[in-house]
Amino acid sequence: MKKSKIFWGYAVLALVIYAVVQLLISNGVIQNYYQNMFIAMCINIILAVSLHVIIGVTGQFSIGHAGFLAVGAYISAICTMKFGMPFITAILIGAIVAALAGLLVGIPSLRLKGDYLAIATLGFAEIIRIVFVNTDYVGGAAGLQVTHQSTWTYAFFGVFITILVISNFTNSRHGRACISIREDEIAADAMGINTTYYKVVAFAIGSFFAGVAGAIYAHNYYIIQPTAFGFLKSFDILIFVVLGGLGSLSGSVIAAILLTIVSTYLQEFPETRMIIYSLILILVMLYRPTGLLGSKEITAYFKFGKKGGTRV
Amino acid sequence: MEWIQQLVNGISLGSIYALIALGYTMVYGIIKLINFAHGDVFMLGAFIGFYAIARWEMNVFLALILAMILCAVIGVIIERVAYKRLRNATRIAALITAIGVSLLIEYTVIFFRGSSPEAYPTVFTTKNIEIFGVQISTLAIFILSVSIFLMLLLQFIVHKTKIGKAMRAVSHDADAARLMGINVDNTISATFAIGSALAGAAGVIFGIYYTRIDPLMGIMPGIKAFIAAVLGGIGIIPGAMVGGLVLGVVETVVSALGYSLWRDAAAFVILILILILRPAGIFGKNTREKV
């Protein structure tokens, strides 16, 4: 009963945010420049939350998230540009193919741990990128032209559904199994949890939503090129999750919002932006290795005085 | 005959990878950290060599030595400032810091001198020498002899000197080494210094061989050198050499077969295959997981 009340509270809040921004956009108060920033923010939130499932919840260190973003972007662009499908179908197909790619990558590489897993995911992401560079059907290195179809509505509901699914997943029996893998894989194994299964599931869910983000991304920037999906993109996504706090969904959302604003204002100075990013990454790791919020959610800070178990 | 020539090219490229891979493998062996910034030390070495040769008109060997010394200093600074505090942190925290240091070096260089590439001055008039009917350029011979010399020097340092003995002891068991009176911090710094010096040398050689350097050049060779280290068995010095040579030859063969755009993919496929089939590498021993 109480849980559903909280849920409806958030749903109403989300609708209000959506309606206000949509109203401002249709009245022309928010210019194209800022509208673009809002869409970029939504894309980054989806990416951050989808990587949060893999790194924050399940503890599997993947630094190849841009690969799944690329799969979602290219597949959805092929659907709309080559087959003339409606955008919404393209998003779904892009996401499903990205999830399949996640399965394909996850099943062999999730046998590895820690550093090795990180390098293997990086390798897979690069292979995906090189495949797109060498496929003439999608324009090779020159890239693929895509019509502009992403709107605030698509982007916002993308975020809404992503957060809804992922927070429900985290608080479910499956999510708790994933958290136990993060805390201690051997102990989780000993408790009878099928660790490989849950790792692959988390990976596939993460890739699915990266695919959603990719579809929205592709239809927002008029052109997609393989160079946009290199390591730097993966690190960009990684920094959201790390800065927000490994294991904190709201943390990664906040970090994604903040860093999108920072990078929008620093667009003219890409070097400065990267220097700031890298300094943030180093300083956060040296002085606050848990990130801004640690593994807590922001809601935990508003619950002083109330009794109850600690949330994970 | 063309094949033998390609093989020589592959070995030249491979010896550059091997020099970088040695630094990775030594650092990994001693503190279990993938030093992502290592590729950028390689880049800095290339730039130091470039300025030494083109601007300050130094001899190639002097430039090489200067690059090695400065890179060693840079390596120690990176270790002392960024990694030292993370000795007891989680592996992921250390890895993220390494990524951060790598990005910081790249973009600081771009910030100060722009991202435009630089053309390396020609230091040799390249001649082709005919050996058994095969045309081999003097450049390839130069690269090979420098890298073989450095690798032999490294073997000597690791196996015959006191600091080498300390390095082996610390990588075997840091706590026991500390109890035996070895200064672990200094030994780790020395490892970074030696590894970074080798990367600096590789940078200069790379510049001379490929004649084009830019601030982001360290990323790909860095990752490939890491692949080479994993291929040979990470933490094992001869493994890094063999891994580098194998990777260089495979890449050259893939290019020679006409798939030059797939060259980078070949390296990553090797990485994934080795990680899945034999994660300990060619020379590694399988270690069992203990609870």
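Procedures and definitions
- Residues numbered from 1 in each chain as written.
- Chains lettered and ligands numbered in written order.
- Predicted model: local features only at pLDDT ≥ 70, side-chain atom pairs only at ≥ 80, totals over all residues.
- Heavy atoms only, no water.
- Helix = DSSP H or I, 4+ residues; strand = E, 2+ residues; numbered from the N terminus.
- Rg over C-alpha atoms; globule rule 2.2 N^0.38 Å.
- Buried < 20%, exposed > 50% of the residue type's maximum accessible area, 1.4 Å probe, protein only.
- Areas by Shrake-Rupley, 256 points an atom, 1.4 Å probe, with all protein chains shown as cover.
- Contact = heavy atoms within 4.5 Å.
- Buried area = accessible area lost by both parts, 1.4 Å probe.
- Polar contact = N/O pair within 3.5 Å; in protein donor to acceptor, adjacent residues only side chain to side chain.
- Nonpolar A, V, L, I, M, F, W, Y, C, P; charged D, E, K, R; others polar.
- Patch = residues over 30% accessible without salt bridge, like charges linked within 9 Å, V, L, I, M, F, W, Y side chains within 5 Å.
- Salt bridge = Lys/Arg side-chain N within 4 Å of Asp/Glu carboxyl O.
- UniProt positions renumbered as here; feature names shortened; annotations may be inferred.
- Core = buried A, V, L, I, M, F, W, Y, C linked by side-chain atoms within 4.5 Å.
- Arc of directions from axis to C-beta.
- Phe/Tyr/Trp six-rings, centres within 6.5 Å; stacked < 30°, edge-to-face > 60°.
- Lys NZ or Arg CZ within 6 Å of the ring centre and 35° of its normal.

Asks: Would you mind going over the overall build of chain B with me for this structure?
Replies: Counting secondary structure elements, chain B contains 11 helices and four strands. Radius of gyration (C-alpha) of chain B: 19 Å, near the 19 Å computed for a compact globule of 291 residues. Its C-alpha atoms put chain B at 55 × 45 × 35 Å along the principal axes. The 291 residues of chain B split such that 54% are buried. With an accessible surface of roughly 13,100 Å², chain B has 65% of that area assigned to carbon and sulfur atoms.

Asks: Sorry if this is basic, but what is going on with the interface of chain A and chain B here?
Replies: Quoted interface sizes are often the accessible area lost when the parts come together. Residue-level contacts link 37 residues of chain A with 43 residues of chain B. Between chain A and chain B, the buried area comes to about 3,800 Å², and carbon and sulfur atoms account for 82% of it. Contact with chain B buries surface across chain A, with Asp115(A), Tyr116(A) and Ile119(A) losing the most and accounting together for 17% of the total. Where chain A meets chain B, there are zero residue pairs in polar contact (both at pLDDT 80 or more). Listed by contribution, the elements that provide at least two residues to the side of chain A that touches chain B are helix 5 (114–133), helix 10 (231–244) and helix 12 (270–287) of chain A. Residue composition of the side of chain A that touches chain B, by class: 28 nonpolar, four polar and five charged.

Asks: Help me out: how do you make sense of a nonpolar patch on the surface in this one?
Replies: Judged by side-chain polarity, Val131(A), Trp3(B), Leu257(B), Tyr259(B), Leu261(B) and Trp262(B) come together as a nonpolar surface patch covering roughly 640 Å² of accessible area. In this structure, Tyr259(B) sits in the loop between helix 10 (237–256) and helix 11 (263–277). The class of Tyr259(B) is partly exposed, set by a relative accessible area of 48%.

Asks: In this structure, what is going on with the UniProt feature "transmembrane region" (unreviewed entry) in chain B? I would like to understand it.
Replies: Residue and element names in this part refer to chain B. Here the UniProt-annotated "transmembrane region" (unreviewed entry) positions come out as residues 6–26, 33–54, 60–78, 90–112, 132–158, 188–210, 216–234 and 265–284. Along residues 6–26 the backbone is 100% helical and 0% strand, and the end-to-end C-alpha distance reaches 30 Å. Counting secondary structure, residues 33–54 comes out at 77% helix and 0% strand; the distance between its end C-alpha atoms is 35 Å.

Asks: So what exactly am I meant to see when it comes to the nonpolar core here?
Replies: Burial of nonpolar side chains together is a common tendency in soluble globular proteins. Formed by 200 residues in total, the largest nonpolar core has its most connected members in Ile224(A), Leu238(A), Leu22(B) and Tyr83(B). With sequence-adjacent residues up to four places away left out, Leu238(A) is seen in contact with Leu51(A), Ile55(A), Phe61(A), Ile63(A) and Ile99(B).

Asks: Explain helix 6 (residues 162–172) of chain B to me, please; I cannot follow it from the model alone.
Replies: Counting along an α-helix, one turn takes 3.6 residues, and residues three or four places apart therefore face a common direction. All names here are of chain B. Every buried residue of helix 6 is listed here: Gly164, Ala166, Met167 and Val170. An end-on view of helix 6 places all buried positions within 160° of arc, on one side of the element. Across helix 6 from its buried face, at more than 90 degrees, point the exposed residues Lys162, Lys165 and His172. For helix 6, the capping residue at the N-terminal end is threonine 161, with a side-chain oxygen 3.3 Å from the backbone nitrogen of glycine 164.

Asks: Explanation requested: the side chain of Ser150(A) in the structure shown.
Replies: Residue and element names in this part refer to chain A. Looking at the secondary structure, you find serine 150 in the loop between strand 1 (144–145) and helix 6 (152–170). With a relative accessible area of 1%, serine 150 lands in the buried category. Apart from the residues within four sequence positions on either side, serine 150 is in contact with Ile39, Phe87, Ala215, Ile216, His219 and Asn220.

Asks: Mind showing me how you'd approach the environment of Met41(A) here?
Replies: Residues and elements named next belong to chain A. Tracing the chain through its elements places methionine 41 in helix 2 (residues 32–57). Distance in space between the C-alpha atoms of methionine 41 and leucine 259 is 8.8 Å, their sequence separation being 218 residues. Discounting residues that sit within four places of it in the chain, methionine 41 has contacts with Ile257, Thr260 and Ile261.

Asks: Sorry, what's going on with the packing of aromatic side chains here?
Replies: The relation between two aromatic rings is expressed through the spacing of the ring centres and the mutual angle of the planes. Taken as a whole and judged by the stated rule, the model has 25 aromatic pairs over all chains. Here the aromatic rings of Phe47(B) and Tyr51(B) are separated by 6.4 Å at their centres, their planes lie at 35°, and the arrangement is tilted. Pair noted here: Phe47(B) and Tyr51(B) are both in helix 2 (residues 38–55), with a separation of four residues, about one helical turn. You can call Phe47(B) buried: its relative accessible area is 5%. Summarising the aromatic geometry, the rings of Phe111(B) and Phe112(B) are spaced 5.3 Å apart at their centres and angled 85° between planes, so their arrangement reads as edge-to-face. Here Phe111(B) falls in the partly exposed class, since its relative accessible area comes to 43%. Cluster of aromatic residues (ring-pair linked, three or more members): Tyr18(A), Phe38(A), Trp152(A), Phe156(A), Phe157(A) and Phe160(A). The ring of Tyr137(A) has Lys82(A) sitting right over it, with the charged end atom 4.5 Å from the ring centre. Sitting over the face of the ring of Tyr277(A), Arg273(A) holds its NZ or CZ atom 4.8 Å from the ring centroid.

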